[in-house]
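Report on the structure
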Amino acid sequence: MPNTSNPDRLSEFAKIYYIIGDTDTSAADATVLALAWNELCVISVTPSSNINNYEIKDRCVGKVTGNSPGRESYTFDLEMFFFKQKTAYEIRAWNTAMDDGSIVSFLILNDDKDDADAGGEFWGVVGNFVRIDESEQQPNEGLITVSYTFGPAARSEYLPLKRRIYGPNV
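Everything numeric in this text was worked out from a predicted model, so none of it was measured. Residue numbers run consecutively from 1 along every chain, following the written order of its sequence. Given that the model is predicted, a residue must reach a pLDDT of at least 70 before its local features are reported, and side-chain atom pairs must reach 80 or more before they are shown or counted; all residues, however, enter totals for whole chains, interfaces and linings. The side-chain values count all of the structure's non-hydrogen atoms but skip hydrogen atoms and water molecules.

1. Side note on the nonpolar core
Across soluble globular proteins, nonpolar side chains have a tendency to be buried as a group. To keep things clear, this is the line we draw: In this text, buried Ala, Val, Leu, Ile, Met, Phe, Trp, Tyr and Cys residues form a nonpolar core when linked through side-chain atoms within 4.5 Å. Exposure categories follow from relative accessible area, calculated using a 1.4 Å probe and restricted to protein chains: below 20% of the type maximum is buried, above 50% is exposed, and the middle band is partly exposed. Runs of H or I in DSSP of at least four residues are treated as helices and runs of E of at least two as strands, each being numbered from the N terminus. Any two residues whose heavy atoms approach within 4.5 Å are treated as being in contact.
Counting 21 residues, the largest nonpolar core has I16, L40, F76, L78, W94, F106 and F150 as the members making the most contacts within it. Listing elements by their share of this core, those giving two or more residues are β1 (15-20), β4 (65-81), α2 (88-100), β5 (104-109), β6 (123-137) and β7 (145-152). In terms of residue count, β4 provides more of this core than any other element does, four residues in total. Dropping the residues within four chain positions of it, I16 is found in contact with N38, E39, L40, V42, V45, L78, F106, L107 and I108. In this structure, Y17, A27, W37 and L109 belong to the second largest nonpolar core, which totals eleven residues.

2. Some points on the pattern of salt bridges
In plain terms, the rule: Whenever a carboxyl oxygen of Asp or Glu lies within 4 Å of a side-chain nitrogen of Lys or Arg, that contact is scored as a salt bridge.
As enumerated under the stated definition, the model contains three salt bridges in all. Across the pair E39 and K15 runs a salt bridge whose closest N-O atoms are separated by 3.1 Å. You can see E39 sitting in strand β2 (residues 38-40) and its partner K15 sitting in strand β1, a full 24 residues away along the chain. We classify E39 as partly exposed; its relative accessible area is 29%. In this structure, R163 and D29 form a salt bridge, with 2.7 Å as the shortest nitrogen-oxygen distance. On the criterion of sequence distance, the pair formed by R163 in strand β8 (residues 162-166) and D29 in helix α1 (residues 29-33) is long-range, its members being 134 residues apart. Connected through salt bridges with shared partners, the residues K15, E39 and D112 form a single ionic network.

3. Side note on the pairing of β5
The line we're drawing: By the convention used here, strands pair only if DSSP detects at least 2 bridges between them.
Burial of β5 is extensive: six of the six residues sit out of reach of the surface. Side chains V104, F106 and I108 project from β5 onto one buried face, and the interleaved S105, L107 and L109 project onto a second face that is buried too. Relative to β5, β1 runs antiparallel, the two being bridged by six bridges. When the sheet's bridge partners are listed, K15 is paired in β5 with L109.

4. What to know about the packing of aromatic side chains
We count it as follows: Side-chain rings of Phe, Tyr and Trp (the six-membered ring for Trp) are treated as a pair once their centres are within 6.5 Å; stacked means planes under 30 degrees apart, edge-to-face means over 60, and tilted covers the remaining angles. Whether a charge sits over a ring comes down to the Lys NZ or Arg CZ being within 6 Å of the ring centre and within 35 degrees of the ring normal.
Per the counting criterion, the structure on display carries eleven aromatic pairs. Here F76 and F150 contribute two aromatic rings whose centre-to-centre distance is 5.4 Å and whose plane-to-plane angle is 25 degrees, an arrangement assigned as stacked. Here F76, found in strand β4, pairs with F150, found in strand β7; they are 74 residues apart in sequence, far enough to count as distant. Of the two residues, F76 and F150, both sit in the buried class. Through a chain of ring-to-ring contacts, the aromatic side chains of Y18, Y74, F76, W94, F106, F129, Y148 and F150 assemble into a single cluster. A cation over an aromatic ring shows up here: K113 above the ring of Y17, its NZ or CZ 5.6 Å from the ring centre. Above the plane of the ring of Y74 lies K162, whose end atom (NZ or CZ) is 4.6 Å from the centre.

Next up, the structure:
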C-alpha cells in the first residue's frame, strides 16, 4: 500500500540520516538500513544529478555519430537550522566533520526508515559524501540557517560511492 500521508513533504526526500565516516554501500539494503544512523533535521534537500554525455563519431565512416554516457555527477544541498542535532556530542562531531572535510555517510529517504514494520514503503539514496560548500544566513526571525553542498567522496574506501536504496515493501 503506497504511503499517501503527505506526498509533498520535502519533495521525495522526507528523512535524512547520517553517520560520520564511510559506510559499506555495497552491503544489502537491510544491512545498511540497520546501521546506527543519526537523523538530521533539515529544512530542505535539493538533489542534482546528471550524466555527462559525449558525442562519439565513427572514425572509419565519419558520418555515424552516437552517444556515450560519461561519469555521473551527483550533488545535493541541505538547508538546516544550525545546531539541530540532539546532543552536544553530535553537534561537536558534526561541526568537526564539516570543518575537517571528513567523509559522511548519508541515507536520504522519502519516508522514515523505521516504518518498514508498519508496512511502509520507502526509497532513496545511500552514499559516502564530503562537504563541497557551506554558507550561513540569518533570516528575519533571527534563527541562523546553514546550507551545505555535498558531493560523492572520491577518497572513500567503498564502492559504489552512492547508490539507490529501497525499503522491504518496494
